[in-house]
Amino acid sequence: MLRRTLVVGNWKMNLTTQQSSLLLRRLQQNIQGHRAVEVVLAPSMLALQPLSVEIDRRKFKLAAQNAYFKDEGGFTGEVSFAMLRGIVSYAIIGHSARRLYFGETLDDVTQKVEAAVRNDITPILCVGETKRERDARETKRVICDQVVSALANLTSAEIDSVVIAYEPIWAISAYGGAVAKPSDVTTVVEYIRLQIRELYGKLAAERVRVLYGGSVDAHDVKGFLSIKGIDGVLVGAASISANKFVNIVSAAYQTHTEVQ
Ligand code: PGA
């Protein structure tokens, strides 16, 4: 089954609203729409609203980097998935920065995934092990805990729309950016699909899109995209450089065309 390639740019806590508009404009000038590749941009929460007006929806979709699972109420400082409905198509959930810096628990992630789906927003669920967990050969246990708990409240029909991003924490640029070997990635991606298969059946396991993230750049994106079972990439640092991101997207077009 040939799934649509997904390229997600996570701008993290970078760029003012003005800089975000400027980057969007440069990307819109240099990226052509392509049926087989979906390009998703995740600017800061503040830039989402203005970008949602400026964006060419034939070329790009928007994603939130985070949101709160309650729809409304006395949760000072938070923005809900209900408020993002209609503005974003996707939401990154359980990113390692959220888990490590902001104490997001497995239970928080479960509730956020559920809230996203309830509000017609596709979750991009991030999972991945730390270097210490990898050295202790705990990768599979960590991935299993994160995947199984995050999807616990979804039906098998709802699983279809979920995207899972495997981001080994030790490979993310902000934490050192060691290079992940294709064989490491293949093993974990196969394991993720196995979990989905056991929980929701063969069809769901074939349909779920799995991304790779961790220091992806223009020079190595083709390598990651050609790993069996990988349907796209989640790009951090390289996504706030217009040149690099344009090259990453065009490499995704080429890879998709080559495998057809
Ligand atoms: P990176 O970030 O590409 O800068 O390593 C990826 C991520 O944190 O999602």
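About the cut-offs
Residues numbered from 1 in each chain as written. Predicted model: local features only at pLDDT ≥ 70, side-chain atom pairs only at ≥ 80, totals over all residues. Heavy atoms only, no water. Pairing = 2+ DSSP bridges. Helix = DSSP H or I, 4+ residues; strand = E, 2+ residues; numbered from the N terminus. Axes fitted to C-alpha atoms, helices over the stretch in contact; angles between N-to-C directions. Contact = heavy atoms within 4.5 Å. Left-handed = near helix turned anticlockwise from the far one by under 90°. Near = heavy atom within 4 Å. Polar contact = N/O pair within 3.5 Å; in protein donor to acceptor, adjacent residues only side chain to side chain. Nonpolar A, V, L, I, M, F, W, Y, C, P; charged D, E, K, R; others polar.

## Side note on the sheet that holds strand β7 (residues 209–213)
Strand pairing in a sheet takes place through backbone hydrogen bonds and is either antiparallel or parallel in direction.
For step 1, the next point in the chain: The strand order around the closed barrel formed by eight strands is β1-β2-β3-β4-β5-β6-β7-β8, and the pairing between neighbours is parallel. Strand-to-strand twist across the sheet, computed as the mean angle between neighbouring axes with direction ignored, equals 25°.
For step 2, the next point in the chain: Pairing of strand β5 (residues 122–127) with strand β6 (residues 163–166) involves four bridges; the strand directions are parallel. Counterpart to Ile124 in the pairing with β6 is Val163.
For step 3, the next point in the chain: Strand contacts of helix α9 (residues 182–200): β5, β6 and β7, with the helix running at about 150° to β6, the strand carrying the most contacts.

## Brief notes about the packing of helix α1 (residues 17–30) against helix α2 (residues 45–54)
For step 1, the next point in the chain: For the pair α1 and α2, the least separation of the axes is 9 Å and the interaxial angle reads 35°. Considering the relative orientation of α1 and α2, their crossing is right-handed. Here Thr17, Ser20, Ser21, Leu24 and Gln28 of α1 come into contact with α2, specifically with Leu46, Ala47, Pro50, Leu51 and Glu54.

## Here we look at the site of the ligand
For step 1, the next point in the chain: Around the ligand, the structure places 13 residues, and the nearest of them are Lys12, His95, Glu167, Ser173 and Ser215.
For step 2, the next point in the chain: Taking His95, its side chain carries an N or O atom lying 2.7 Å from an oxygen atom of the ligand.
For step 3, the next point in the chain: A distance of 2.8 Å is found between an oxygen atom of the ligand and a backbone nitrogen or oxygen belonging to Gly236.
For step 4, the next point in the chain: Across the shell around the ligand, the residue classes tally to five nonpolar, six polar and two charged.

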